[in-house]
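Given next are the chains, with one letter for each unit.
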Amino acid sequence: MKDEPEEAEVILHDALRLAYQSDNKKAITYTYDLMANLAYIRGQLENAESLFKATMTNLLGEGMLQEDSAIIEISLKLASIYAAQNKPEFALAGYEFCVSTLEGRIEREKEVSEDILSVDEKANTRLLLGMCLDAYARFLLLSERPSQAQALYEKALRISEEILGERHPQTIVLLSDLATTLDAQGHFEEACVYVQRASDLARQTEHPELHMVLSNLGAVLTHRERYTQAREVYQEALQQAQRKQDEASAQHIREELAELARRSGL
């Protein structure tokens with residue numbers, strides 16, 4: 001029996017054929033978008049790239065503006081595909097397009113009255129910018145450009161705190177990620193402040209990624225040579241990872257504990 005993604009792919013191909021037969025342009029575009037996202041989720045990056053480009057071409061052909069959220073979201077996914085394909089120039093251009101386009105749009109939306117554009121709609125634009133900043137920062141951090149990543153994470157964090165609040169899961173993740181960029185630059189004390197705050201909030205809210213936040217805290221404490229505290233935090237992180245049945249994270253934490261033992265002699 002076919003697995004669910006394969007069944008979904010067959011259904012979508014049938015839907016696309018029917019959309020072409022009826023010359024329903026909106027249905028064609030919608031189906032391309034669904035197929036692109038399915039390929040993206042399955043890790044079929046070349047296929048996803050082609051399908052996202054086809055979706056974008058159709059949307060622009062139908063009169064959608066480049067600054068529309070749908071175009072930005074597709075551009076963001078294309079940038080992440082290029083990053084995964086080790087095409088940094090294309091990835092960089094994609095992330096820059098998303099951020100600069102949204103920043104310009106947000107400035108223009110400030111002048112639009114709430115009768116025309118609601119507070120929630122303006123907030124959604126800012127949240128989309130936050131998502132783009134987060135993805136761009138992650139790319140820069142993996143590209144060993146932590147100081148640039150830090151600036152973007154700080155902007156994303158401000159947006160998340162202002163709109164979603166400090167106890168929101170995304171805000172907590174951003175606090176932890178910002179700590180990672182500071183840690184990578186050797187700013188261990190400042191990193192510890194952010195990741196300690198993130199771990200406290202993650203515990204209080206029973207964050208689904210508590211084990212990952214605690215693992216980050218353990219790493220920062222290790223770099224500050226607070227080995228006993230780091231071991232305690234790593235052990236808590238390991239228990240949480242096992243409870244979540246996240247074996248990949250659990251294995252990573254075991255390796256960090258082994259390295260801590262080697263370094264500290266504990």
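About the cut-offs
- Residues numbered from 1 in each chain as written.
- Predicted model: local features only at pLDDT ≥ 70, side-chain atom pairs only at ≥ 80, totals over all residues.
- Heavy atoms only, no water.
- Helix = DSSP H or I, 4+ residues; strand = E, 2+ residues; numbered from the N terminus.
- Buried < 20%, exposed > 50% of the residue type's maximum accessible area, 1.4 Å probe, protein only.
- Contact = heavy atoms within 4.5 Å.
- Areas by Shrake-Rupley, 256 points an atom, 1.4 Å probe, with all protein chains shown as cover.
- Lys, Arg positive; Asp, Glu negative; His and termini not counted.
- Charge placed at Lys NZ, Arg CZ, Asp CG, Glu CD.
- Axes fitted to C-alpha atoms, helices over the stretch in contact; angles between N-to-C directions.
- Parallel < 35°, antiparallel > 145°, perpendicular 65-115°, else oblique.
- Left-handed = near helix turned anticlockwise from the far one by under 90°.
- Disulfide = S-S within 2.5 Å.
- Nonpolar A, V, L, I, M, F, W, Y, C, P; charged D, E, K, R; others polar.
- Polar contact = N/O pair within 3.5 Å; in protein donor to acceptor, adjacent residues only side chain to side chain.
- Salt bridge = Lys/Arg side-chain N within 4 Å of Asp/Glu carboxyl O.
- Core = buried A, V, L, I, M, F, W, Y, C linked by side-chain atoms within 4.5 Å.
- Phe/Tyr/Trp six-rings, centres within 6.5 Å; stacked < 30°, edge-to-face > 60°.

A. Focus on the overall build of the protein. In terms of regular secondary structure, the protein is built from 12 helices and 0 strands. Taken from N to C terminus, the helices and strands of the protein fall in the order α-α-α-α-α-α-α-α-α-α-α-α. When the backbone C-alpha atoms are referred to their principal axes, the protein occupies close to 70 × 55 × 35 Å. Here the protein holds 266 residues, and the buried ones make up 40% of them. Sequence-distant contacts, at least 24 apart, represent 52% of the contacts inside the protein between residues at least 6 apart. Carbon and sulfur atoms make up 51% of the accessible area of the protein, which amounts to about 14,600 Å² in all. When the 28 basic and 45 acidic side-chain charges of the protein are each reduced to a single mean position, those positions are 2 Å apart.

B. Local environment of the packing of helix α5 (residues 88-109) against helix α6 (residues 119-142). Between α5 and α6, the least distance of the axes is 10 Å, while the angle of their chain directions is 155°. It follows that α5 is roughly antiparallel to α6 by the angle criterion. Of the two possible hands of crossing, α5 and α6 adopt the one that is left-handed. Residues Pro88, Ala91, Leu92, Tyr95, Glu96, Cys98, Val99, Leu102, Glu103, Arg105, Ile106 and Glu109 of α5 lie in contact with α6, whose contacting residues are Lys122, Thr125, Arg126, Leu128, Leu129, Cys132, Leu133, Ala135, Tyr136 and Phe139.

C. Spotlight on the state of the cysteines. Counted under the stated rule, the structure contains 0 disulfides. A disulfide-free cysteine, Cys98 has its sulfur positioned 4.5 Å from the sulfur of Cys132, the nearest such atom. With relative accessibility at 0%, the residue Cys98 sits in the buried group. Assessed through its relative accessible area of 0%, Cys132 is described here as buried.

D. A look at the packing of helix α10 (residues 210-223) against helix α12 (residues 247-264). Their axes nearest at 11 Å, the elements α10 and α12 cross at an angle of 15°. Of the possible angle classes, the one that applies to α10 and α12 is roughly parallel. As for the relative orientation of α10 and α12, their crossing is left-handed in sense. Residues His211, Met212, Ser215, Thr222 and His223 of α10 touch α12, and the partners they reach there are Ser249, His252, Ile253, Leu260 and Arg263. When its residues are assigned to classes, the contact of α10 with α12 shows 3 nonpolar, 6 polar and 1 charged.

E. Here's a closer look at the side chain of Thr55. Note on placement: Thr55 falls in helix α3 (residues 45-61). Using a relative accessible area of 1% as the deciding quantity, one classes Thr55 as buried. A distance of 3.3 Å separates a polar atom in the side chain of Thr55 from the backbone nitrogen of Asp33. With residues near it in sequence (within four places) discarded, Thr55 still touches Thr29, Tyr32, Asp33 and Ile74.

F. Up close: the pattern of salt bridges. Tallied over the full model, the rule gives 16 salt bridges. Here Arg108 and Glu67 are joined by a salt bridge, their closest N and O atoms 2.1 Å apart. Residue Arg108 is found in helix α5, and its partner Glu67 is found in the loop between α3 and α4 (69-84); the two are separated by 41 residues along the sequence. Assessed through its relative accessible area of 25%, Glu67 is described here as partly exposed.

G. Seen up close, the nonpolar core. Judged by nonpolar contacts, the single largest core of 73 residues is most densely connected at Phe52, Tyr95, Leu129, Cys132, Leu133, Tyr136 and Ile253. No other element matches α6, which puts 9 residues into this core. In contact with Leu133, other than residues within four places in its own chain, are Val99, Leu152, Lys155, Ala156 and Ile159.

H. Representation of the packing of aromatic side chains in the model. Counted under the stated rule, the structure contains 5 aromatic pairs. Between Tyr40 and Phe52, the ring centres sit 6.0 Å apart and the planes meet at 75°, which makes this aromatic pair edge-to-face. Note that Tyr40 is positioned in helix α2 (residues 25-41) and Phe52 in helix α3, a separation of 12 residues in sequence. A relative accessible area of 29% places Tyr40 in the partly exposed class. On the accessibility criterion, Phe52 (0% relative accessible area) is buried. Summarising the aromatic geometry, the rings of Tyr95 and Phe139 are spaced 5.4 Å apart at their centres and angled 40° between planes, so their arrangement reads as tilted. Placement of Tyr95 in helix α5 and of Phe139 in helix α6 is noted, with a sequence separation of 44 residues between them. The exposure class of Tyr95 is buried, given its relative accessible area of 4%.

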